[in-house]
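Listed here are the chains, written in short residue letters.
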Amino acid sequence: MTYRSAVTMFAVAVALAGLAGDPVLGGGNQENVLGTWHAPGTTLGMSGGLFDLDQDGRTEVLVGAPGARLGRAIGGVFVFDPRENGKLRLSQTLQAGDSTGFSYTSIRDPGGGKGGFAIGAVNAGRGVPLSGQVFAYLRGDLDQPVRLAGEVTFDRFGFSLASGDLNGDGAADLVVGAPFHSLSPSLYQKGAVYVFFGPSLDTSTRVKLSGTATDTIGFSIATGDVNGDGVDDLLLEGTSRVLGFYGTKGAFSPSANLPDLIIKSSATGFGRAIVVADDVDDDSYNEVAVGAYRAAVAGANETGSVFLVKGGGGTRTVDLNVASPSLLARVDGLRASQFGSALGTAADLDGDGRRELVVGAVHADSERYRSTGRVWVLKSTAVAGPDPFSTALVLDGDAPDMHFGAFVAADATGRQLLVGAPTERGNRGGFYRFDLANR
């Protein structure tokens, strides 16, 4: 069963030629495609998210295009406003240049305020080449972003982004990865992860975790409460393992050498995608889903797997290379599909009170094309069952070699899902918006 038979789909595939002129509405060979804009080399759809910028009840779409040419600048983030019947119109461009739009995260205020969002410009560097910058737009202010910068050349600060309340003060914090940061010659390009505390993101109080001789960090970040204390925790991709640091009320000062949680696996690409999923085994702890997008399955390289690991309290190590009671499920993808290249969560679709797990596989074949990419919305109650795909909703790209599923992001309700396809039509790029409420 394909997703088209189960839900109403809204899609916009976009590429922008310097934003000159009006968009050309095109056709499309996929049902319910609303329109297309085309131009070469934008890689639109590398990152993005859904966020109600002005709290008017309509969710804007923000999409990164780090390869877009805007005059002499390369890269940008584009804001699309919702219109009637789910259609979108281009509203504005944010922070053109420096491969802006390589990464994105929404900053949702736990206290119900406006929150904001952050975007990464990994090639930025004012006097420090390729150190990277992050622009954080807070409380609906699109004119005066908070600018955060990498420390040394080639840091690629902003390669990964996440947000959560790690110190339990009711304000969302921003987490930034810089995977090529070098603390010293002996720790060359072992990476770093920075935590900037909300609501101000003041650099004077930020916390830095540096890579170690054991772990390179900064490529992948996630947040969410996995130890059941009501405070978000920090999860990082290490080297063949995921490192977890428990958030604490009042202060958050982790040490990269002393993680609270270690999840180990020899599966290739383990940890490049991480998400905190809802509790599926009714033990009151949220679970951790980890993608190993290059894992070999039945002798086929690059097939990919997703591991669902039990949440819990206390300091613990989970070794997935041996039989472990902490492993709730291992879900393997289709042959050479890179299943688990992106992970997210979406709304509760089956009424069991749990969010569903969203999995991207950027090299999967669709029903009509090879290597287009696919996204599965796996029902939470079925993930740990014998056949998690039997009740899944399947999202298909509509052309070959799209990398459909390069990122997946839901809005605050989880009912709208955004999917990136940055190599669609020869790197023009695109994004797709799905309405899960009309399943």
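Presented here is an overview of the structure given in this document. (Residues numbered from 1 in each chain as written. Predicted model: local features only at pLDDT ≥ 70, side-chain atom pairs only at ≥ 80, totals over all residues. Heavy atoms only, no water.)

### Quick word on the pattern of salt bridges
Should the charged atoms of two oppositely charged side chains come close, the side chains can pair.
Here is step 1 of the chain: One pass over the structure, following the stated rule, counts 15 salt bridges.
Here is step 2 of the chain: For Lys208, the salt bridge is made with Glu151, and the minimal N-O distance between the two is 2.8 Å. On the criterion of sequence distance, the pair formed by Lys208 in strand β14 (residues 207–210) and Glu151 in the loop between β10 (146–149) and β11 (160–164) is long-range, its members being 57 residues apart.
Here is step 3 of the chain: The residue Asp352 makes a salt bridge to Arg354 at a minimum N-O spacing of 3.8 Å.
Here is step 4 of the chain: Exposure remark for Asp352: the relative accessible area of 24% places this residue in the partly exposed category.
Here is step 5 of the chain: One network of salt bridges, with partners in common, ties together Glu151, Arg206 and Lys208. (Salt bridge = Lys/Arg side-chain N within 4 Å of Asp/Glu carboxyl O. Helix = DSSP H or I, 4+ residues; strand = E, 2+ residues; numbered from the N terminus. Buried < 20%, exposed > 50% of the residue type's maximum accessible area, 1.4 Å probe, protein only.)

### Observations regarding empty space enclosed by the protein
Here is step 1 of the chain: Evaluation of the coordinates by the stated rule reveals three cavities of 30 Å³ or more.
Here is step 2 of the chain: Looking at the largest cavity, its volume works out to about 50 Å³.
Here is step 3 of the chain: In terms of lining, the largest cavity is formed by Ala277, Asp278, Val280, Leu308, Thr345, Arg355, Glu356, Leu357, Ser380 and Val383.
Here is step 4 of the chain: Those elements that place two or more of their residues in the lining of the largest cavity are β25 (356–361) and α1 (380–383).
Here is step 5 of the chain: Grouping the constituent residues of the lining of the largest cavity by class yields five nonpolar, two polar and three charged. (1 Å grid on protein atoms, 1.4 Å probe; cavity = no way out; pocket = protein on both sides within 12 Å on 5 of 7 lines; lining within 4 Å. Points joined across faces, edges and corners; volume = space filled by probe spheres on them. Nonpolar A, V, L, I, M, F, W, Y, C, P; charged D, E, K, R; others polar.)

### Regarding the packing of aromatic side chains
Here is step 1 of the chain: Going through the model one piece at a time under the given rule, you end up with 16 aromatic pairs.
Here is step 2 of the chain: Between Phe80 and Phe431, the ring centres sit 5.1 Å apart and the planes meet at 55°, which makes this aromatic pair tilted. In this pair, Phe80 is assigned in strand β5 (residues 73–82) and Phe431 in strand β30 (residues 430–435), connecting sequence segments 351 residues apart. Side by side, Phe80 and Phe431 carry an identical accessibility label, which is buried.
Here is step 3 of the chain: Ring centres of Phe270 and Phe307 lie 5.6 Å apart, and the angle between their planes is 75°; on these two criteria the pair is classed as edge-to-face. Remark: Phe307 occurs in strand β21 (residues 305–309) and Phe270 occurs in strand β19 (residues 270–277); sequence separation between them is 37 residues.
Here is step 4 of the chain: By relative accessible area, Phe307 is classed as buried at 2%.
Here is step 5 of the chain: By way of ring pairs, the aromatic residues Phe102, Phe159, Phe180 and Phe219 are connected into one cluster.
Here is step 6 of the chain: Lying over the aromatic face of Phe219, Arg272 brings its terminal NZ or CZ to 4.4 Å of the ring centre. (Phe/Tyr/Trp six-rings, centres within 6.5 Å; stacked < 30°, edge-to-face > 60°. Lys NZ or Arg CZ within 6 Å of the ring centre and 35° of its normal.)

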